[in-house]
Amino acid sequence: MEKNTFATSAYIATSPKTAFDYLCSLKNLDEWTLFSRMIEQIDEDTWLGTASGYHENLYYHVKKLDNPKFYGIEWHCGLEYQKYYQVYPVLLFPTDYIEPGTDEKGVYFHWLSFVDPKRQTGMIMQGIHNVHTSESRSLKANLERKAGLTSAAKGKYFIDTDTIYVDAPIEMGIEFLQDLRNMDDWAHMLRPNGDVSQSEGEFLDEYNQTVKARVQLHGLSKYYLLEQEFYYPEHEFYQRTPMLLIPCSYAFADPEARGFIMHRISFWKADKSQIHGKLQMEDLGAESMNIKRMLESKAGNLESFNRGMSYIPQ
């Protein structure tokens, strides 16, 4: 797993729009974070405030993401106004995005964090898991309490992720991954079944079950979301695994950082009753490793693969 990237998620029993509006207001950080307390408003989308992982105050900035299928924002932080070196994408997945036709209400919150290796401190990296995981639970509690709940609601699904660094131009990654005709090379449990186009086609899985696959690329801020949808028609089962492709130069606010971060998001039934599609996170992780190897080979960066899954500044 990419060691400079941290992700946390939560099911929240509130509407996607309510969660989005709440997260867009930086002043609400006072209510649910460990110690991000807004002191002075600088402009409509920026505050100066305290921070949990620093002795210095930080500038906090929020940016809304535009996507037709779900809400999203980015938080940006830095020691100077408009000079932000930390980016935190947040995606809010509606329940019917995960399971079309579901009667489940609520939203699935997913928070991604990047910490530049050149700037990270020991405390930030050792503490980010505790802090962001606890803050996610606090956010959930605040929104559910406002919705009238007195205890934590349980979702039908949970989110898990796989993240890897790819030392190749992001344009090369997009061209390769958005073409389903390449999936036979990197997805070892799926085999083409007839003609496959760039964006959709039929495959057979490891049990010879029919799978209809589709991919769609979206721009998000200064990076990309590649939606991968797999549908088992005989069982009316959907499995979506959206993938974020983020240039390292943006993730780490370093113009010299080459390559990109590939962050794969997956949704798993909480009762573990799933019997079709990917059944374990390691299946996605193995595919990611294959993608990294192939793209870095195409880019001529053969030594990068030997250094492992994480971005290391040159």
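Residues numbered from 1 in each chain as written. Predicted model: local features only at pLDDT ≥ 70, side-chain atom pairs only at ≥ 80, totals over all residues. Heavy atoms only, no water.

A word on the side chain of Glu144
Tracing the chain through its elements places Glu144 in helix α4 (residues 122-146). At 2.7 Å, the side chain of Glu144 forms a polar contact with the side chain of Lys140. In this structure, Glu144 is in contact with Tyr11, Ile12, Ala13, Leu149, Ser151, Ala152 and Ala153, ignoring residues within four places of it in sequence. (Helix = DSSP H or I, 4+ residues; strand = E, 2+ residues; numbered from the N terminus. Polar contact = N/O pair within 3.5 Å; in protein donor to acceptor, adjacent residues only side chain to side chain. Contact = heavy atoms within 4.5 Å.)

Quick look at helix α5 (residues 170-177)
Those residues of α5 that fall on the buried side of the exposure criterion are Ile170, Gly173, Ile174, Phe176 and Leu177. For α5, the angular spread of the buried residues around the axis is 170 degrees, confining them to a single face. Residues of α5 that are exposed and point more than 90 degrees away from the buried face comprise Glu171 and Glu175. Where α5 is buried, its residues contact α6 (183-186), β11 (210-220), β12 (223-232), β14 (243-247), β15 (260-269) and α8 (281-299). (Buried < 20%, exposed > 50% of the residue type's maximum accessible area, 1.4 Å probe, protein only. Arc of directions from axis to C-beta.)

Points about the environment of Pro169
Following the sequence through the fold, Pro169 ends up in the loop between β8 (157-166) and α5. Leaving out residues up to four positions away in the same chain, Pro169 has contacts with Phe260 and Ala299.

Re α8
When the terminal C-alpha atoms of α8 are compared, their 27 Å separation across 19 residues agrees well with the 27 Å that a helix rising 1.5 Å per residue should span. The secondary structure elements touched by the buried residues of α8 are β8, α5, α6, β15 and α9 (302-306). Gly300, located one to two residues past α8, shows a positive phi value of around 80 degrees. (Expected span 1.5 Å × (residues − 1).)

A look at the packing of aromatic side chains
Evaluation of the coordinates by the stated rule reveals 19 aromatic pairs. Centre to centre, the rings of Tyr11 and Tyr108 are 5.1 Å apart; their planes meet at 50 degrees, and the pair counts as tilted. One end of the pair, Tyr11, is in strand β1 (residues 5-12); the other, Tyr108, is in strand β7 (residues 107-114), and 97 residues separate them in sequence. You can call Tyr11 buried: its relative accessible area is 12%. Tyr108 sits in the buried class, given a relative accessible area of 1%. Over the aromatic face of Tyr97 sits the side chain of Arg240, whose NZ or CZ is 5.1 Å from the ring centroid. (Phe/Tyr/Trp six-rings, centres within 6.5 Å; stacked < 30°, edge-to-face > 60°. Lys NZ or Arg CZ within 6 Å of the ring centre and 35° of its normal.)

Describing the side chain of Thr33
Note that Thr33 resides in the loop between α2 (29-32) and β2 (38-43). At a separation of 3.1 Å, a polar atom in the side chain of Thr33 contacts the main-chain amide nitrogen of Ser36.

Details of unusual backbone geometry
Of note in the backbone geometry, Gln82 takes a positive phi value of approximately 65 degrees without being a glycine. Summarising the element assignment, Gln82 is placed in the loop between β5 (71-78) and β6 (86-94). The class of Gln82 is exposed, set by a relative accessible area of 57%. The backbone of Ala253 sits at a positive phi, close to 50 degrees, despite the residue not being glycine.

Remarks on the packing of helix α1 (residues 16-24) against α4
Their axes nearest at 11 Å, the elements α1 and α4 cross at an angle of 120 degrees. Put simply, α1 runs oblique to α4. In the crossing of α1 with α4, the sense of the turn from one axis to the other is right-handed. Along the contact surface, α1 presents Thr18, Ala19, Tyr22 and Leu23, while α4 presents Leu139, Asn142, Leu143 and Lys146. (Axes fitted to C-alpha atoms, helices over the stretch in contact; angles between N-to-C directions. Parallel < 35°, antiparallel > 145°, perpendicular 65-115°, else oblique. Left-handed = near helix turned anticlockwise from the far one by under 90°.)

A few points about the packing of α5 against α8
Two elements in contact, α5 and α8, have axes whose closest approach is 11 Å; the angle formed by their N-to-C orientations is 125 degrees. Compared by their axis directions, α5 and α8 come out oblique. The hand of the α5/α8 crossing is right-handed. In this structure, α5 contributes Met172, Gly173, Phe176 and Leu177 to the contact, and α8 contributes Ile291, Met294, Leu295, Lys298 and Ala299. Here the residues of the contact of α5 with α8 sort into 7 nonpolar, 1 polar and 1 charged. (Nonpolar A, V, L, I, M, F, W, Y, C, P; charged D, E, K, R; others polar.)

Some points on the pattern of salt bridges
Per the counting criterion, the structure on display carries 18 salt bridges. The salt bridge involving Arg258 is made with Asp167; its shortest N-O contact spans 2.8 Å. Of the two residues, Arg258 sits in the loop between α7 (248-251) and β15 while Asp167 sits in the loop between β8 and α5, which places them 91 residues apart along the sequence. Between Arg264 and Glu287 there is a salt bridge; the shortest N-O distance is 3.1 Å. With Arg264 in strand β15 and Glu287 in helix α8, this residue pair connects regions lying 23 residues apart in the sequence. Neither Arg264 nor Glu287 differs from the other in exposure class; each is buried. Via salt bridges that share partners, Lys118, Asp254 and Glu256 belong to a single interconnected network. (Salt bridge = Lys/Arg side-chain N within 4 Å of Asp/Glu carboxyl O.)

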